[in-house]
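Read off the chains here:
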Amino acid sequence: MRVAGHLQEYRAHGSLGFAVVRDRGGLFQVTLKKGESPEETFETLGRATRESVISVEGTNVENPRTKLGSEVLAERVEVLSPAETPLPLGVVDKVGADLDTRFNHRFLDLRKRENQDLFVFRAVLEEALRASFRELGFVEVETPKILRQGAEGGATLFSVDYFGGKAYLAQSPQLYKQMLMATDLERVFEIAPAFRAEPSDTLRHLTEFTSVDAEMAYIDGPEDLWRTIEELLSRTLSRTRSELERTGHPLAGRIPAPRRPFPRIPFPEARRKLGLGPGDEDLGSEDEKALGEILCKEEDAEMYFITEYPSELKRSTFYAMRQDGHPERTNYFDLDFGGLEIISGGQREHRIEKLRSQIRDAGLDPENFAGYLEPFRFGMPPHGGFALGLDRLTAKIAGVANVREARLFPRDRFRLDP
Ligand code: AMO
């Protein structure tokens, strides 16, 4: 047989040599025996540096005395690609490196089993989301990421030079998923990067993240969105769990099974529970955490909606529907998971006159949104939608505190490399 992988370690003991080699499947032991293995196999492995890629030809034999239960008795060893020394980041070191060192040498960091497990889990989760969306009648779409206008407020827009003119990187597919509601697609979803010039250096914010967006037409109110989210998450999580159990993945036991219906907590009640008193100021991340603990204790709830966000807080979210008869409240909500916001969404304003006036209230000029507004002039059904932060959900389930760890090559204010 022929096996190849990274040389994790090599030790020689008298007439024997032992190498531990690692590939995607795990570890295997390569054994050299004086008299049986050619002399040059000892020389080659004796010279090979840790983490070099080697290939071994030999015979696999069961051996219960070895740690791994079997060993490959080497007949031929070749270094396919040597590793320089010293390694900038240890792969098997017991002491953890700091996050910056890990991200600076991410390819080595990703040779660690637990980090690979996280990204295999993420891929399974993403696939489960896609399958569950399809079952619920959503069509997958792709919308442009180079835009003339932002949708989520000017402060977090990245501008790009577009043939001498100005364009922006998409902060979200918001305006496009809404425009698609004027077609007969009715239910669309998109899983794509979103870009935000987030100056804040927090554990929850990236400048490039994966936004899982959904939009649906002919809703009667936000309750239709909440039920869809409950259904989507239940299906997605149980699919993910089955797939991870099938493959014996170590994160299988961490997949939540939130109780339905998820509690719906109106914004003023959330403030009351936190002892904040009436007011329109938003909840900070510490408030969100505290609310998570309260709801876990009071209602045994892992996931819950915070509903009816005040219009004052959504002023720049010009597309958010204000409640008829209660213009101080919107039909907007967040879904928090154990104290972390993972989804936000709501019912949109589909009546063009109200929408134009809300654009003006946000300090913007409706003229600049002519392309977005046109579909609203020719029959736009009532609609709404939401977006889920895939990086946040992945981090939360995997149990890593920093959302950066849930991305292969994270981007934040200070990091553009690698
Ligand atoms: P919002 O801005 O709340 O809503 O974003 C939706 C979800 O995306 C995630 N998220 C982020 N994750 C990492 N880093 C960031 N900088 C970041 N910003 C947001 C969060 C958040 O809940 N257009 C609306 C959605 C809609 O109404 O359909 C929007 O973008 O998990």
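Residues numbered from 1 in each chain as written. Predicted model: local features only at pLDDT ≥ 70, side-chain atom pairs only at ≥ 80, totals over all residues. Heavy atoms only, no water.

**Q** Give me the lowdown on the site of the ligand, citing residues and values where you can.
**A** What surrounds the ligand is a group of 23 residues, the closest being Gln174, Lys177, Arg196, Glu341 and Arg348. With respect to the ligand, the backbone of Leu206 contributes an N or O atom lying 2.9 Å from a nitrogen atom. In this structure, Tyr319 approaches the ligand through a side-chain N or O atom, which is 3.3 Å from a nitrogen atom. Taken by itself the ligand offers 620 Å² of open surface, and the protein chains cover 93% of this. Put simply, the parts of the chain that give the shell around the ligand at least two residues each are helix H5 (174-179), strand S17 (340-347) and strand S18 (383-389). Tallying contributions element by element places S17 first for the shell around the ligand, with five residues. (Near = heavy atom within 4 Å. Polar contact = N/O pair within 3.5 Å; in protein donor to acceptor, adjacent residues only side chain to side chain. Areas by Shrake-Rupley, 256 points an atom, 1.4 Å probe, with all protein chains shown as cover. Helix = DSSP H or I, 4+ residues; strand = E, 2+ residues; numbered from the N terminus.)

**Q** Requested: an account of the nonpolar core, with residues and values cited.
**A** Core analysis: the largest hydrophobic core is formed by 44 residues, its most contacted members being Leu335 and Ile343. Apart from the residues lying within four places of it in its own chain, the contact partners of Leu335 are Ile229, Leu233, Phe262, Met303, Tyr304, Phe305, Leu340, Glu341, Ile342 and Ile343. Listed in part, the 28 residues of the second largest apolar core include Leu175, Leu274, Phe318 and Leu373. (Core = buried A, V, L, I, M, F, W, Y, C linked by side-chain atoms within 4.5 Å. Buried < 20%, exposed > 50% of the residue type's maximum accessible area, 1.4 Å probe, protein only. Contact = heavy atoms within 4.5 Å.)

**Q** Account for the packing of helix H4 (residues 113-135) against helix H11 (residues 390-398), with residues named and values stated.
**A** Following both chains from N to C, one finds H4 and H11 inclined at 125 degrees, their axes separated by 10 Å at the closest point. Classed by the angle they form, the pair H4 and H11 counts as oblique. Regarding H4 and H11, the two cross each other, and that crossing is right-handed. Residues Leu118, Phe121, Arg122, Leu125, Glu126 and Leu129 of H4 pack against Leu390, Asp391, Leu393, Thr394, Ile397 and Ala398 of H11. (Axes fitted to C-alpha atoms, helices over the stretch in contact; angles between N-to-C directions. Parallel < 35°, antiparallel > 145°, perpendicular 65-115°, else oblique. Left-handed = near helix turned anticlockwise from the far one by under 90°.)

**Q** Kindly report on the domain arrangement of the chain, identifying the contributing residues and their values.
**A** We note that the domain assignment places domain 1 (2-86) and domain 2 (113-406) within the chain. Put simply, the middle of domain 1 and the middle of domain 2, counted by C-alpha atoms, are 50 Å apart. (Domains from an automatic or database assignment.)

**Q** I'd like a description of the side chain of Glu71, backed by residues and values.
**A** Residue position: Glu71 is located in strand S5 (residues 70-81). Lys33 provides the closest opposite charge to the buried, unpaired Glu71, separated from it by 4.9 Å. There is a polar contact of 3.4 Å between the side chain of Glu71 and the side chain of Gln29. Polar contacts involving the side chain of Glu71 include one to the side chain of Thr31, which spans 2.5 Å. Not counting the four nearest positions on each side in its chain, Glu71 is found in contact with Gln29, Thr31, Thr59, Asn60, Val61, Asn63 and Thr66. (Lys, Arg positive; Asp, Glu negative; His and termini not counted. Salt bridge = Lys/Arg side-chain N within 4 Å of Asp/Glu carboxyl O.)

**Q** Which residues make up helix H6 (residues 222-246), and what values do they have?
**A** For an α-helix, 3.6 residues make a turn, and residues three or four places apart therefore share a direction. Across its 25 residues, H6 extends 36 Å between first and last C-alpha, which sits within 8% of the 36 Å expected from 1.5 Å per residue. Downstream of H6 by a residue or two, Gly248 has a phi angle that is positive, lying close to 65 degrees. (Expected span 1.5 Å × (residues − 1).)

**Q** Account for the sheet that holds strand S9 (residues 165-169), naming residues and giving values.
**A** Within a beta sheet, neighbouring strands are joined by backbone hydrogen bonds and run either parallel or antiparallel to one another. Across the sheet, which stays open at both edges, the three strands sit in the order S7-S9-S8 with antiparallel pairing between neighbours. The open sheet has two edge strands, strand S7 (146-147) and strand S8 (159-162), and neither has a second partner. Here four bridges tie S8 to S9, and the two strands are oriented antiparallel to one another. Across the sheet, Asp161 pairs through a bridge with Lys166, a residue of S9. (Pairing = 2+ DSSP bridges.)

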